[in-house]
Amino acid sequence: MNETDPRAPEDPLDAHIDTASALVGLSIPEEHRAGVRAFLEVARQMEAALAALPPEDTELALAPVYRLPEPPEAET
Amino acid sequence: MSATGPRASAAEIAAAVAEGRVTAADVTEAALARIATEDKTVNAFTAVTQERARAEAAAIDAARAAGRPLGPVAGVPYAVKNLFDVAGLATRAGARINRDHPPAARDAALVRRLHAAGAVLLGALNMGEYAYDFTGENAHDGACRNPHAPGRMTGGSSSGSGAAVAAGFVPLTLGSDTNGSLRVPASLCGVYSLKPSYGRLSRAGSFPFVDSLDHVGPLARSAADLAAAYDALQGHDPDDHASVPRAAEPATPALGDGIASLTIGIPDGWFEAHAAEPARAALARTADALGTAARLRPVTLEGVEAGRAAAYLITNAESAALHLPRLRSRLAEFDPDTRDRFLAGALLPAAWVTEAQRVRRRWLGRVLRAFETVDLLVVPATPFTAPEIGQRRIEIGGREVLLRPNLGLLAQPFSCIGLPVVTVPVFEPGALPIGIQLVAPPWREARALAAAAWLEGAGLATAHPPPAAAAA
């Protein structure tokens, strides 16, 4: 913990907030920073929880929903 | 029961209208009058479509007078969560930002289907901002209040949809469910809901939240009304890219099938540990009742916490990506209770989200394996009864936890993998409601609805009226 900075800069979450928000063009106002950090912390815990069901390399479901439309009737 | 009264079922109204014992106009006027006087307390409606309702009711009455056939829910009043397009209204999705949108040019697909079935639209309903909510609170439209205890939460995000049915304003509503948004308000408001299989009912013309996880479905005060609405809503729709081209499988004809042939699984472990006393008690009563007619067996679902975590990460990332332009340009106009979560979601590492999609698939495999030995799973819908509006923390199993994320804890694992779930109300008159989830294998909505009808017939599942209505 850096005693002059309550944001605990040694935690990669803080550096991530700065870098990733700049990268996606989001401004994180100082008054929202603690809230954003708290939700990222929850997300980090959730990511750790995924380890209870490690998928095999061949178990894929990477696209949320992707189906090609049928061709127009005139072309079928 | 009077077809114009607050507890009349959709079936009773439709029969009375068809037989000429009441007009659709009278039913509509009675419902509009209830909303005008009682919704000041509940705050379920964000728009009441009186003119449209009167025109639709008049058309039903004219059709009957002319001897034309009526639809299965002709003359039945209903209302929809305000993320469904209603022609002439801006589709709010619970957000102040969306009030700037132009009015919808046409109704959502499910509104068109209920219209074709003869139902009468009374308006649009309150909801949590952009559906990212389990509480029913909304900074822009005000909290929706639980008809059973107006100082308490309705649950969300389909808050108005649960409250309007519980209060007796209408017998049917439509809502949506991404992580539990039909089941949580159904549980806390003491009504029935159906979250169908992912891809069963069309989402076309509804404002999205998380494309991978969004479902839409009905709420009602009886299993028969829920099935009737579901049957009217079914059918493939190419306008929703997730809609699966399956033929409609009507549930109403199978509603009396009972449960004698079923083996019903009661998940232990994680589900037990995350249910507070009222939820455990409701589950025990439900299991006792089911055990008189069906075979029961305990089930251990391995990996449920990973499945729930996958739901959280997919939800957070996809919803934030959807709203990224608004987060960049109109951040101050977001509800404070959704804003920081959306911001965090926009910053998630892609690898976490991709892994969550794969774990989602693996979790589905685990549950499908359980369905090789059982026909239904029975789980509480919420860990506890309705908290007080504004409450932030709650105790489960002797541990104090944040209330918002944990209200949907028991619902998330099943919507994450798209399974059909009927929520039934299991509570004593005068007590705070709580619901039980009947979880079925994919595409077996009819089985869950038949079990719900059996529990209703056994006297266990009942949408008791709120105390004030019961005393009136």
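Predicted, not measured: the structure shown is a model, and the values here were computed from it. (Residues numbered from 1 in each chain as written. Chains lettered and ligands numbered in written order. Predicted model: local features only at pLDDT ≥ 70, side-chain atom pairs only at ≥ 80, totals over all residues. Heavy atoms only, no water.)

Trainee: Any chance you could explain the overall build of chain A here in plain terms?
Mentor: Looking only at helices and strands, chain A features two helices and zero strands. Burial statistics for chain A: of 76 residues in total, 30% are counted as buried. (Helix = DSSP H or I, 4+ residues; strand = E, 2+ residues; numbered from the N terminus. Buried < 20%, exposed > 50% of the residue type's maximum accessible area, 1.4 Å probe, protein only.)

Trainee: Sorry if this is basic, but what is going on with the environment of B:Arg297 here?
Mentor: Residues and elements named next belong to chain B. Tracing the sequence through the fold places Arg 297 in strand 10 (residues 295-299). Along the backbone, Arg 297 and Thr 135 are 162 residues apart, and their C-alpha atoms lie at a distance of 33 Å. When sequence neighbours within four positions are dropped, the list of residues in contact with Arg 297 reads Thr 263, Ile 264, Gly 265, Ile 266, Thr 373 and Val 374. (Contact = heavy atoms within 4.5 Å.)

Trainee: It is not clear to me how the packing of helix 2 (residues 24-42) of chain B against helix 3 (residues 50-65) of chain B should be interpreted in this structure. Could you clarify?
Mentor: If you want to describe how two helices pack, look at the angle between their axes and the distance between the axes. Residue and element names in this part refer to chain B. Relative orientation of the contacting elements helix 2 and helix 3 amounts to 155 degrees, with a least axis distance of 8 Å. Looking at the two axes, helix 2 sits roughly antiparallel to helix 3. Two packed elements cross with a definite hand, and for helix 2 against helix 3 that hand is right-handed. Across from Ala 24, Ala 25, Thr 28, Glu 29 and Leu 32 in helix 2, the residues of helix 3 making contact are Gln 50, Ala 53, Arg 54, Ala 57, Ile 60 and Asp 61. Among the residues forming the contact of helix 2 with helix 3, the class breakdown is six nonpolar, two polar and three charged. (Axes fitted to C-alpha atoms, helices over the stretch in contact; angles between N-to-C directions. Parallel < 35°, antiparallel > 145°, perpendicular 65-115°, else oblique. Left-handed = near helix turned anticlockwise from the far one by under 90°. Nonpolar A, V, L, I, M, F, W, Y, C, P; charged D, E, K, R; others polar.)

Trainee: Can you help me understand the pattern of salt bridges in this one?
Mentor: Should the charged atoms of two oppositely charged side chains come close, the side chains can pair. All names here are of chain B. Following the criterion strictly, the structure yields 30 salt bridges over all chains and no others. Its salt-bridge partner being Arg 404, residue Asp 133 comes within 3.4 Å of it at the nearest N-O pair. Residue Asp 133 is located in the loop between strand 3 (120-125) and strand 4 (145-146), and its partner Arg 404 is located in helix 13 (residues 403-407); the two are separated by 271 residues in the primary sequence. The burial state of Asp 133 is the same as that of Arg 404; both residues are buried. (Salt bridge = Lys/Arg side-chain N within 4 Å of Asp/Glu carboxyl O.)

Trainee: Which parts of the structure should I look at to understand the packing of aromatic side chains?
Mentor: The description of an aromatic ring pair uses the distance of the two centres, along with the angle that the planes make with each other. Residues and elements named next belong to chain B. Overall, the coordinates contain nine aromatic pairs over all chains when judged by the stated rule. Between Phe 271 and Phe 414, the aromatic rings sit 5.6 Å apart at their centres with planes inclined by 10 degrees, giving stacked as the arrangement. With a gap of 143 residues between them, Phe 271 in helix 8 (residues 270-273) and Phe 414 in helix 14 (residues 412-415) connect regions that are remote in the sequence. No difference in accessibility class separates Phe 271 from Phe 414, as the two residues are buried. Of the aromatic side chains, those joined through ring pairs into one cluster are Tyr 130, Tyr 132, Phe 207, Phe 209, Phe 334 and Phe 342. The positively charged end of Arg 341 is found above the aromatic ring belonging to Tyr 132, 4.1 Å away from the centroid. (Phe/Tyr/Trp six-rings, centres within 6.5 Å; stacked < 30°, edge-to-face > 60°. Lys NZ or Arg CZ within 6 Å of the ring centre and 35° of its normal.)

Trainee: Quick question: what am I supposed to make of the interface of chain A and chain B here?
Mentor: Interface size is often expressed as the accessible area that is lost when the parts come together. Counting from both sides, the interface comprises 35 residues of chain A and, opposite them, 41 residues of chain B. Around 3,300 Å² of area is buried between chain A and chain B when both sides are counted, 72% of it from carbon and sulfur atoms. Taken together, chain A and chain B are joined by one salt bridge. Across the chain A-chain B interface, the total number found is six residue pairs in polar contact (both at pLDDT 80 or more). It is helix 2 (residues 30-49) of chain A that contributes the most residues to the side of chain A that touches chain B, eleven residues altogether. (Buried area = accessible area lost by both parts, 1.4 Å probe. Polar contact = N/O pair within 3.5 Å; in protein donor to acceptor, adjacent residues only side chain to side chain.)

Trainee: Even after reading the chapter, I still don't get the sheet that holds strand 3 of chain B, so can you show me in this structure?
Mentor: Picture the strands of a sheet paired through backbone hydrogen bonds; they go either parallel or antiparallel. Residue and element names in this part refer to chain B. With mixed pairing, eleven strands are arranged side by side in an open sheet as 1-3-2-6-8-7-14-15-11-9-10. Lying at the two open borders of the sheet, with one neighbouring strand each, are strand 1 (45-48) and strand 10. On average, each strand axis in the sheet is inclined to that of its neighbour by 25 degrees, with strand direction left out of account. Where strand 9 (residues 263-267) lies against strand 11 (residues 376-380), two bridges are found, and the strand directions are parallel. Along strand 11, the bridge assignment pairs Ile 264 with Leu 376. Of the strands in this sheet, strand 1, strand 2 (77-81) and strand 3 touch helix 2, which is tilted by about 20 degrees from strand 3. Docked against the sheet, helix 5 (residues 159-166) engages strand 1, strand 2, strand 3, strand 6 (172-177) and strand 8 (215-220), running at close to 155 degrees with respect to strand 6. (Pairing = 2+ DSSP bridges.)

Take it as geometry only, folks, not as evidence of what the structure does.
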